[in-house]
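Geometric and topological summary
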Amino acid sequence: MDYDYVNRIEKAKQTIDDANFVLIGGGAGLSDAAGLHYAGRRFTDNFSDFIEKYGFTDMYTSSFHPFETQEERWAYWARHISLNRYDTRASALYKSLLRLAGEKEYFVITTNVEHQFIKAGFPENRVFAVQGDYGLFQCAVGCHGELYGNETQIRRMVSETRDCRIPSALVPKCPVCGGEMDVNIRHNEYFIQDDIWRRAERRYADFLKGFAEKRVVCLELGVGFNTPEIIRFPFERTVYGNERAVLIRINRDCSRGMKENEGRTIAFIEDMAETIGAIIPCDRAQEKPRGDKRIVRFS
């Protein structure tokens, strides 16, 4: 890796300026860099009662806890979803990414489920959230393919949580089979990929076909090895297979990639927000993000 930070910044700027297409890949490290920390003070300030009762240490491992009752499970998940999906506004880092993309032909693929790209103003038809969305419920066993917006239910659960439990009447039930509901995130074989998800998948595939043999930047942000087959490995393959492609990887812990791509990889281990801010072209550095054009999917 080139150890001259300023030199790497200038290379990244020029590469993006020369590119016809920008493919953005956002992983967990991106949201962490944006301030959506799943541990530390943000966790302890918001989950002190759960920490005292269950000994939880962070939001990630807590989400796997085998709660004894649905009332306890949904008390935790309602607060988790409320904090990360509804109570947190668009971060400055995600807004900076929108300015960086500018008027380029771009597309976003992300494993994050907090809706930050859309909140920041990225159009929904340019974002593929592969792993789902905290803002949607589904049948826990996938008995049917419909998804349900959950903000009203989540906020009520949070407001009526007592001693780390919600009232039994608030436990969500599947309107078709009467069984349990789940959050629409990919954690088992029952994850629902609805028509909107499949259309996003097709748009992503069409975007990949559109830049074959053209100048493209794969901008990979905070993607580790939890699910590397979704973003990290495909980005490496894209660069390997296209001599005009360049990978810009910003990753504090996992910056090294394929040896075969070293000559067309610009890697950063420095602070992500600072690095993105330095890469943004001067004519877009102070530009306000475009308005949020979210599409309301479910009432």
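You'll find the structure just up there.
So, here's what we can say about the structure. Residue positions are given per chain, counted from 1 along the sequence in the order it is written. Restriction of local features to residues with pLDDT of at least 70 applies here, the model being predicted, together with a cutoff of 80 or more for giving and counting side-chain atom pairs; totals for whole chains, interfaces and linings are based on all residues. With hydrogens and water stripped out, all remaining heavy atoms of the structure feed into the side-chain values.

Our next topic: the overall build of the protein chain. The helix and strand inventory of the protein chain stands at 12 helices and nine strands. Scaling as 2.2 N^0.38, a compact globule of 299 residues should have a C-alpha radius of gyration of about 19 Å, and the protein chain matches this with 20 Å. Along the longest, intermediate and shortest principal axes, the C-alpha atoms of the protein chain span 60 × 40 × 35 Å. A sequence separation of at least 24 residues applies to 69% of the contacts in the protein chain between residues at least 6 apart. Surface accessibility of the protein chain: about 14700 Å² in total, with carbon and sulfur atoms responsible for 49%. Only DSSP runs of H or I reaching four residues or more are called helices, and only runs of E reaching two or more are called strands; each is numbered from the N terminus. We take the radius of gyration over the C-alpha atoms and set the globule estimate at 2.2 Å times the residue count to the 0.38 power. Residues are treated as being in contact if the distance between any of their heavy atoms lies within 4.5 Å. To be clear on the numbers: accessible area is Shrake-Rupley with a 1.4 Å probe, and residue cover counts the displayed protein chains and nothing else.

Further remarks concern the sheet that holds strand β6 (residues 181-185). Reading across from one edge, β5-β4-β6 is the order of the three strands in this open sheet, with antiparallel pairing throughout. The open sheet terminates on both sides in strands that have one partner only, identified here as β5 (148-149) and β6. In the packing of helix α6 (residues 70-86) onto the sheet, contacts are made with β4 (132-139) and β6, and the angle to β4 comes to roughly 145°. Pairing between strands requires that DSSP locate at least two bridges from one strand to the other. Fitted lines through C-alpha atoms serve as axes, helices being fitted only where they are in contact, and the angles separating the N-to-C directions of these axes extend from 0 to 180 degrees.

Any two aromatic rings considered together are summarised by their centre-to-centre distance and by the angle between their planes. Each aromatic pair joins two rings of Phe, Tyr and Trp (for Trp, the six-membered one) with centres within 6.5 Å, and gets the label stacked for planes under 30 degrees apart, edge-to-face for over 60, and tilted for any other angle. Counting across every chain of the model gives 26 aromatic pairs. Taking the centre distance of 5.1 Å and the plane angle of 15° together, the rings of Tyr 54 and Phe 56 count as stacked. The rule is simple: take the accessible area with a 1.4 Å probe, protein chains only, and divide by the maximum for that residue type; under 20% is buried, over 50% is exposed, in between is partly exposed. You can call Phe 56 buried: its relative accessible area is 9%. Seen in terms of ring centroids, Phe 128 and Trp 197 are 5.0 Å apart; in terms of plane orientation they differ by 70°. Their pairing is edge-to-face. You can see Phe 128 sitting in strand β3 (residues 127-129) and its partner Trp 197 sitting in helix α10 (residues 195-210), a full 69 residues away along the chain. The pair Phe 128 / Trp 197 is uniform in exposure class, with both members buried. Ring-pair connections join several aromatic residues into one group, and the members of that group are Phe 43, Phe 47, Phe 50, Tyr 54, Phe 56, Phe 67, Tyr 76, Trp 77 and Tyr 134. Looking at Arg 73, its charged tip hangs above the ring of Trp 74, at a distance of 4.9 Å from the centre. Placement of a positive charge over a ring is assigned whenever Lys NZ or Arg CZ falls within 6 Å of the ring centre and within 35 degrees of the normal to the ring plane. In this arrangement the basic side chain of Arg 79 is found over the ring face of Phe 47, its NZ or CZ atom lying 5.8 Å from the centre.

So, about the pairing of strand β2 (residues 105-110). Burial analysis of β2 places five of its six residues in the buried class, which makes it a mostly covered element. Bridge count for strand β1 (residues 21-26) against β2 is six bridges, and the pairing is parallel. Residue Gly 26 lies in a different strand from β2, and its bridge partner there is Thr 110. Taken together, the three bridges between β2 and β3 define a ladder with parallel strand orientation. By the bridge assignment, Val 108 is partnered in β3 with Val 127.

Buried within helix α12 (residues 272-279) we find Met 272, Thr 275, Ile 276 and Ile 279. Take α12 and look down its axis: the buried residues cluster within an arc of 95°, on one side only. Regarding α12, its N-cap is Asp 271, as a side-chain oxygen of that residue lies 3.2 Å from the backbone nitrogen of Ala 273 further along. The arc in question is the one spanned by the directions pointing from the helix axis to the C-beta atoms. Here a polar contact means two N or O atoms within 3.5 Å. Within protein one must be a hydrogen donor candidate and the other an acceptor candidate, and residues neighboring in sequence count only if both atoms are side-chain atoms.

The next subject is the pairing of β1. Taking burial as the measure, the six residues of β1 include six buried ones, the bulk of the element. Sheet analysis places β1 next to strand β7 (residues 216-221), joined by six bridges and oriented parallel. Considered in β7, the bridge of Ile 24 is made with Leu 219.

On to unusual backbone geometry. Its identity as a non-glycine residue notwithstanding, His 115 has a phi of 75°, on the positive side. Checked against the element boundaries, His 115 lands in the loop between β2 and α8 (116-119). A relative accessible area of 17% means that His 115 is categorised as buried.

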